[in-house]
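# Structural characterization, general
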Amino acid sequence: MVKYADGPMADVQIDIDAAPQVVWTYVSDINAAAPFSDEFQRAEWEDEGPALGARFRGYNRREGIGEWDVPCTVTAFEPDRTFEWTIGNLDNKVARWRFDIEPEGDGSLLRFSAEMGPGPSGLTPMIEATPDAEEVIVATRLGMWTENMQRTVDGIKALAEGAPA
């Protein structure tokens, strides 16, 4: 059974015909995913970023769920390679999102991963109200994440491959 507290994960990856430095331009832009997501709307830096430890706020909206914003902290930052942010309390995170770029010939392999929990999130009240449905609730949410993540990497691919060399 997939339990929220176990940190279930989603990940997607895509080959991009662009150098890691070009892909990094989009990966490290906290608003790059907004045009491709049916949930993430925008983000605003609270500190100077992107940089390790920098904080930003993400703004989301989803039909049937509503609108919400989340505090985020950059928890891994290696230019041209890794950009990761954690949502909520770093000691009891709501979620962790991560882009990894690997050189691949003249291009790049872009991996986008995310991990839920274990800290309380919008899923917590649903799981508490219907604990027997936890697996379905978590799987449904992971499916939503995966669809948006795939659209995001597809969009980044299109942007990076269309960028001047």
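Right, let's walk through the structure included here. (Residues numbered from 1 in each chain as written. Predicted model: local features only at pLDDT ≥ 70, side-chain atom pairs only at ≥ 80, totals over all residues. Heavy atoms only, no water.)

## What to know about the side chain of Arg96
Tracing the backbone shows Arg96 in strand S6 (residues 95-104). Residues in contact with Arg96, not counting those within four places in the same chain, are Met9, Glu84, Trp85, Thr86, Ser113, Ala114 and Glu115. (Helix = DSSP H or I, 4+ residues; strand = E, 2+ residues; numbered from the N terminus. Contact = heavy atoms within 4.5 Å.)

## Describing unusual backbone geometry
Residues other than glycine predominantly adopt negative phi, and peptide bonds predominantly adopt the trans conformation. The omega torsion across Gly49 and Pro50 is 5°, close enough to zero to call that bond cis. Secondary-structure assignment places Pro50 in the loop between strand S2 (40-45) and strand S3 (55-62). A cis amide bond links Gly117 with the next residue in sequence, Pro118, at an omega value of 10°. Structurally, Pro118 can be placed in the loop between strand S7 (107-116) and helix H2 (123-129). At Asp80, a position not held by glycine, the phi torsion is positive, near 65°. Mapped onto the fold, Asp80 is located in the loop between strand S4 (66-78) and strand S5 (82-87).

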